Every structure is written in structure tokens, then in C-alpha cells.
Amino acid sequence: MIPPPTACLAGHQFPLAQIQFVIEKLVLAARTSLRGAERVCGIVAEFFGVAWETPHHTTARTWLLRIGLYQLTRPKEQADDWVWLVDHTVQIGQEKCLVVLGVRLSELPPSGECLRLQHLTPLAVLPVTHSDQHVVHEQLEQTVATTGVPRAILGDHGGDLQAGVRRFCDEHPVTSNLYDVAHKAATRLKSRLEGDERWAKFCTGASQTKFQTQQTEWAFLVPPAQRSKARYMNLEPLLNWATRTLRVLDEQPAATLRHGTPERLEEKFGWLREYRAALTEWSEWQTLTSSTVDEVRRYGYAADSAARVARRLEPAVSTPSGQALRDELVAFVTAESAAARPGERLPGSSEILESALGQLKSLEGDHQKGGFTGLLLSLGALVGRLDATTIGTALHATPWKLVPQWLAKHFGQTLNSKRRETYAHNSGSAPNPR
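Residues numbered from 1 in each chain as written. Predicted model: local features only at pLDDT ≥ 70, side-chain atom pairs only at ≥ 80, totals over all residues. Heavy atoms only, no water.

A. Just the overall build of the chain, in detail. Regarding its fold elements, the chain presents 18 helices and 5 strands. Here the C-alpha coordinates of the chain stretch approximately 70 × 70 × 55 Å along the principal axes. The proportion of buried residues among the 434 residues of the chain is 51%. Computed over 48 positive and 46 negative side-chain charges, the separation of the two mean positions in the chain equals 4 Å. (Helix = DSSP H or I, 4+ residues; strand = E, 2+ residues; numbered from the N terminus. Buried < 20%, exposed > 50% of the residue type's maximum accessible area, 1.4 Å probe, protein only. Lys, Arg positive; Asp, Glu negative; His and termini not counted. Charge placed at Lys NZ, Arg CZ, Asp CG, Glu CD.)

In C-alpha cells:
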């Protein structure tokens, strides 16, 4: 149901209901671009006969950034049960941004439910040109002023981030340094696959098959694209494709052969036969790692986590290598769960932070190719609970002038600004295109 027109928000030419519709429903829920939201808002107003003016996309952008800045900088309750989820995000250029999202243990969803964006609170968005363990440590110490010393910090244990977190935890013994289960599982899978010479040949075969079949009658059997980033966290589609296509080769169903001959099918996909045993083993490893991740994602690190994981993994083990992997995963969960106090449940997956960063990049669209922009502030609006009251409070408490002040303090000059300045400087001397 379309919200009815109401009186304009104080200081605004648009009613709060319309602002909420554009930001919460179109941009954040439907993931419509800002320009798209402008067009949709106009179409909806015309179709339903709502007496709304259509806000320009730049107006929607100012709303979004003001709400994001408010959510990021509003006072948070000081407590000893905060858990920080931390990660670095990068784009082109030298900048690297530390993102810290928080959740209190007292506000975790019920056991068995995954963390969602609305459960999180934005605590810090800190872009820097240079980052090392000392910078990370200093950034974490700054964040203490927001929540107090956290109960735990959860991250992917990568590079300078992990070194800075470790130093912070050494200085604050009450803070546990937790390893994200998805990244740990991916490292276990990676070490096995990179040590298996069959795997490299299989990946090459899949890439060649994609190239050779995407313009043929077998285009509907093209293998999925292989990701260059976080590859070992996203193997399931590729392994599923190979297993199912191998079954098609064996059974040659009539529905498939309507589109081509058995000889052509064999020509393009017959190479999969030599990987039959390997696919069984690789799929077992994938099942073991994904089951472990799902269990910890839902139930966290707690006293019974290792036993819970062990019970879930046991039926999936059918090879000696699978048994070895199962033992490693249970040992890892045992070690991480040792940080949990009696009756305590600590988050074990930071995938929801990855999801937030993914949504940010989706919102930025092509802008992310030009390095960080002011839209980085919108991360504050992407997480947490957003409703009409929060939006109204945010716009009242955060005038636009605070946004450029924050950006100037944390960003300096963006890549797009440098580009415009450079080409504007020499545009007068550009050669005649004739």
C-alpha cells in the first residue's frame, strides 16, 4: 500500500512518508539505484494518484548520506558485551577502509538464526591511505570510545588487520580474538585443492569448455564463471555443475539430445569422465566445509559447538581425506569455542559484514571503479533498524553541512575530483581531433 501524503518534514519540501519510501523501500530494500528510485517514485506517484513531487536523485543521495552519518555517529550504549565485526574494504587507488560493525551479545538473534543486517550497528568507517598493524591498532583504540572495550573481535585474520587486532587483544585481555569460520574453512579447502594437481587441470578444462560452448547448441550446459576473489569460498556451483553434467553424459536423457548429437555432447563435455573419482572427493570436502560454516553461522561459538559440528559432519565422511578434514574442522571449532564463557554464545561468522560491503558496492554501481566516494557513508544506513522515526530523527539531527565536514576529515580529495581537476587543467591544450 502506498503511504498517503502527509505534511512535509520540518525543513524539507517532501513528506516523511515519501522520504521513507524512497530510502528504506526503494534504495535499501529493493536495491534500486538512486537514479532508478527517482524514476520509480515518479511512476508510482502518477499510477496511484499520490500528490508527490518527484525528488531528484541528488536529493535522495543527501538523505541517504545524512541518515548514514547519523547512524554512524549517534551515541551508542557503553557495555561489556559488544562484539566487533571487522574487515578492510578496498577499491582502486591507495585507500583502504576499515569497517567495524557491532552487535551486543544480549541482542543476538535466537540460537539457530543467522545474524542479519538489522541486528548490526555501524561503529566505524575509517578510510586511510596507508594501513599497517599500528594504524589498525590505533583505529580500534579509537572505536573503544564508542562502545567501550569489546567482549570479542571477529574477523578473517588477514594481514595487517589480524596483526592490529592481536595487538589490541594483548592490551585488553577481556577481548577474545575470533576467527571467522568461513575464511578458516576456505583455507582448509584451498590447501587441499592447491596440493591436488588434478584440480588445476580441472579448472583449466572448465574455463576452456565455457569458452568453447557458450555460442553453441550446448550453451545451456555452460559451466559457471570461476571467481578470482574468494574462489575457495564459492566452489559449490562449479562442483555441482560438473557432477550434474557428468550424470547427463552417463544417462544422455532425450530432453538433452533434442538439442544436439551424442557425439557433440561427448566432444564438449567428455573430458569430465576422468574426474569422476576426484569430483566425489572434492564434493565431500565442499559438503564438510559448508556444513561447518552453516552450523557456526547459526549457533556461533559455544561450549557445545564442537560436539554439534562433529555430529553434523559424521554422516558426510566417506573417504580418508574427508575424515582428516572433518577432524581439522572440529579441532578448529573446539579451539575457537574455548573463548566462550559458560552459558555464552559468541558469533562465529562475519559473512553478514561481507554482505553489507557487497550491498554498498551494488549501491555505488560504476562509481566504485573510481575509488571511494561519499557513498561510503551510506554503509551506516545499510545496517541496523531503519523506520520512519529513525529517518525523521536522523534528518533533524544531521544537517547537510555535517556530511561534507565528515568527508573532508576522512577522505581528502577523491580520485574523481583529481581526474576532473587534471583534465580541466589541460583541456585547453588538447589537440584538435581532426
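Additional details are given in the paragraphs that follow.
B. Up close: the packing of aromatic side chains. Here the structure, examined in full by the defined rule, presents 15 aromatic pairs. Chaining the aromatic ring pairs together yields one cluster made of Trp199, Phe202, Trp241, Trp271, Tyr275 and Trp282. Positioned over the ring face of Tyr299 is Arg308, at 4.0 Å from the centre of the ring. (Phe/Tyr/Trp six-rings, centres within 6.5 Å; stacked < 30°, edge-to-face > 60°. Lys NZ or Arg CZ within 6 Å of the ring centre and 35° of its normal.)

C. Looking closely at helix α17 (residues 402-410). Among all positions of α17, only Val403, Trp406 and Leu407 are buried. Axial view of α17: buried residues confined to an arc of 95°, hence all on one face. Residues of α17 that are exposed and point more than 90 degrees away from the buried face comprise Ala408 and Lys409. Next to the buried residues of α17 lie α3 (57-73) and β3 (121-128). (Arc of directions from axis to C-beta. Contact = heavy atoms within 4.5 Å.)

D. Geometry of the nonpolar core. In terms of nonpolar packing, the biggest core is built from 107 residues, with Ile23, Leu64, Trp199, Phe202, Leu272 and Trp282 touching the most fellow members. Looking at which element gives the most residues to this core, the answer is α3, with 8 residues. Those residues in contact with Leu272, other than ones at most four positions away along the chain, are Phe202, Trp241, Ala242, Thr245, Leu246 and Leu249. Counting 17 residues, the second-largest nonpolar core is a separate cluster that includes Trp82, Trp84, Leu98 and Leu123. (Core = buried A, V, L, I, M, F, W, Y, C linked by side-chain atoms within 4.5 Å.)

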